[in-house]
Amino acid sequence: MSTYALLTIYSLAIILVSLLGGWLPSRIRMTHTGTQVMMSFVAGLMLGVACYHLLPHAIMTLPGESRVDEAVWWMMMGLLLMFVLLRAFHFHQHSPIEQDSSDCQSEHGHDHDHGHGPSGVSAFSWTGVALGLALHTLIDGIALGAAMQAGALDNAPLGLVGLGVFAAIFLHKPLDSMSITSLMIAGGWNARSRLLVNLAFSVMCPLGALLFFAGIEYIPVDANWLVGITLAFSAGVFICISLSDLLPEVQFHSHDRARLTIALLAGVIAAYGVGLMEPEHDDFSHSTAVESHDRH
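Just so it is clear, the structure is predicted and the values come from calculations on it, not from any experiment.

**Q** How should helix H10 (residues 257-276) be read in this particular structure?
**A** Three- or four-residue spacings in an α-helix give side chains the same orientation, since the helix completes a turn every 3.6 residues. Counted at 1.5 Å a residue, the expected span for H10 with its 20 residues is 28 Å, and the 29 Å between its end C-alpha atoms agrees. Buried within H10 are the following residues: Leu260, Ala263, Leu264, Gly267, Ala271 and Val274. Seen along its axis, H10 keeps its buried residues to an arc of 100 degrees; they face one direction. In this structure, H10 carries Ala258, Ile262, Ile269 and Leu276 as exposed residues pointing more than 90 degrees from its buried face.

**Q** Hey, could you run me through the nonpolar core in this one?
**A** Taken as a class, soluble globular proteins show a tendency for nonpolar side chains to be buried jointly. Ranked by size, the top nonpolar core spans 50 residues in total, and within it Val49, Met82, Leu144, Val165, Leu231 and Phe238 carry the most contacts. Breaking this core down by element, the ones donating at least two residues are helix H1 (3-23), helix H2 (32-61), helix H3 (67-89), helix H5 (125-154), helix H6 (163-186), helix H8 (204-215) and helix H9 (223-252). Apart from the residues lying within four places of it in its own chain, the contact partners of Leu144 are Leu7, Tyr10, Ile14, Gly162, Val165, Phe166, Ile169 and Ala209. Grouped together as the second largest cluster of nonpolar side chains are eight residues, Leu133, Leu183, Val197 and Phe201 included.

**Q** When you look at helix H7 (residues 191-202) in this model, what are you seeing that I'm missing?
**A** The terminal C-alpha atoms of H7, which comprises twelve residues, lie 16 Å apart, in line with the 16 Å expected from a rise of 1.5 Å per residue. Buried within H7 are the following residues: Ser193, Arg194, Val197, Asn198, Phe201 and Ser202. Buried residues of H7, seen end-on, are gathered within an arc of 160 degrees and therefore sit on one face of the element. Turned more than 90 degrees away from the buried face of H7, the exposed residues are Arg192 and Leu195.

**Q** Teacher, can you tell me more about the side chain of Lys173 here?
**A** Looking at the secondary structure, you find Lys173 in helix H6. Among the residues examined, Lys173 registers a relative accessible area of 1% and is labelled buried. A distance of 3.0 Å separates the side chain of Lys173 from the side chain of Asp140, its partner in a polar contact. Non-local contacts of Lys173, meaning those with residues more than four positions away in its chain, are made with Ile14, Val17, Ser18, His136, Thr137, Asp140 and Phe201.

**Q** Where do I start with the environment of Leu153 in this structure?
**A** Its place among the elements puts Leu153 in helix H5. For Leu153, a relative accessible area of 13% translates into the label buried.

**Q** Help me understand the packing of H6 against H7 in this model?
**A** When two helices pack together, their arrangement is given by the angle between their axes and by how far apart the axes lie. Between H6 and H7, whose axes approach to 10 Å, the crossing angle comes to 155 degrees. Of the possible angle classes, the one that applies to H6 and H7 is roughly antiparallel. For the element pair H6 and H7, the recorded crossing hand is right-handed. Every residue of H7 that contacts H6 at Lys173, Asp176, Ser177, Ile180, Thr181, Met184 and Ile185 is listed here: Ser193, Arg194, Val197, Asn198 and Phe201. Its residues placed into classes, the contact of H6 with H7 shows five nonpolar, four polar and three charged.

**Q** Got a minute to help me understand the pattern of salt bridges in this structure?
**A** Side chains that differ in sign of charge can pair as their charged atoms come close. On inspection of all chains with the given rule, the structure shows two salt bridges. Close ionic contact of Lys173 with Asp140 constitutes a salt bridge, the shortest N to O distance being 3.0 Å. Taken together, the positions of Lys173 in helix H6 and Asp140 in helix H5 put the pair 33 residues apart, joining distant regions of the chain. For Asp140, a relative accessible area of 1% gives the class buried. One network of salt bridges, with partners in common, ties together Asp140, Lys173 and Asp176.

Rules of the game
Residues numbered from 1 in each chain as written. Predicted model: local features only at pLDDT ≥ 70, side-chain atom pairs only at ≥ 80, totals over all residues. Heavy atoms only, no water. Helix = DSSP H or I, 4+ residues; strand = E, 2+ residues; numbered from the N terminus. Expected span 1.5 Å × (residues − 1). Buried < 20%, exposed > 50% of the residue type's maximum accessible area, 1.4 Å probe, protein only. Arc of directions from axis to C-beta. Core = buried A, V, L, I, M, F, W, Y, C linked by side-chain atoms within 4.5 Å. Contact = heavy atoms within 4.5 Å. Polar contact = N/O pair within 3.5 Å; in protein donor to acceptor, adjacent residues only side chain to side chain. Axes fitted to C-alpha atoms, helices over the stretch in contact; angles between N-to-C directions. Parallel < 35°, antiparallel > 145°, perpendicular 65-115°, else oblique. Left-handed = near helix turned anticlockwise from the far one by under 90°. Nonpolar A, V, L, I, M, F, W, Y, C, P; charged D, E, K, R; others polar. Salt bridge = Lys/Arg side-chain N within 4 Å of Asp/Glu carboxyl O.

From the geometry alone we can't say anything about function, so treat these as descriptive.
Right, dumping it as structure tokens:
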């Protein structure tokens, strides 16, 4: 099986799980606590992938003696860009739309102000969320494509190429799809409209992965440098997304702090476990891959 075939399998899995996440709000009502625990686990997984996979791969892939400084700079750019997108579109909200403070009070026996849930949902409240999440998921796809390229440059075992990044995206996309379709349900949109929007959103991540993976050989720059900065940039994006999910939930749900912390640690441990299966990075220059790229 080629790397392209593996990327196709990853892409199909992401599309299917995204469609599933968008379909669920019309069939079942997600519990408040279950959603928060899942968010914390995925946040920990994304944080671990950023620190144990993306950033180390970026440093090892970048050429030159200043590879560490360059990787950190690009990581910071990714973090700040995602922060700006979050501030502009307010799209990273995964709590069930119908879950309000009264629901939380009945579930936990006390009341508190979330301050971060959706309110005043209109027919078009989902559009800003969808736009922001589309940009976010396109970046996720680019991260997956870069991870696949890094694995190819490292001659990593095929089954491990991009596995950590894929796992984080695979578990995170249903929550994103759920956010969009939940807002559309609250806004009164019919099932056909929700399906079309959900389908369009589900292909954004595979599209980003394919464009980066297939298009890199046509870009007249050093392949190692481009893959390296993309991995570092993606690490910053993953860190920002992880903390944007995690920190508000810990702050607003102190009654579940232990449970959320355990879920977070489980996610980080899972990411670290995948990292243990990856091969060592002995070759810092990847000269063979660069020469192959230059011949294109």
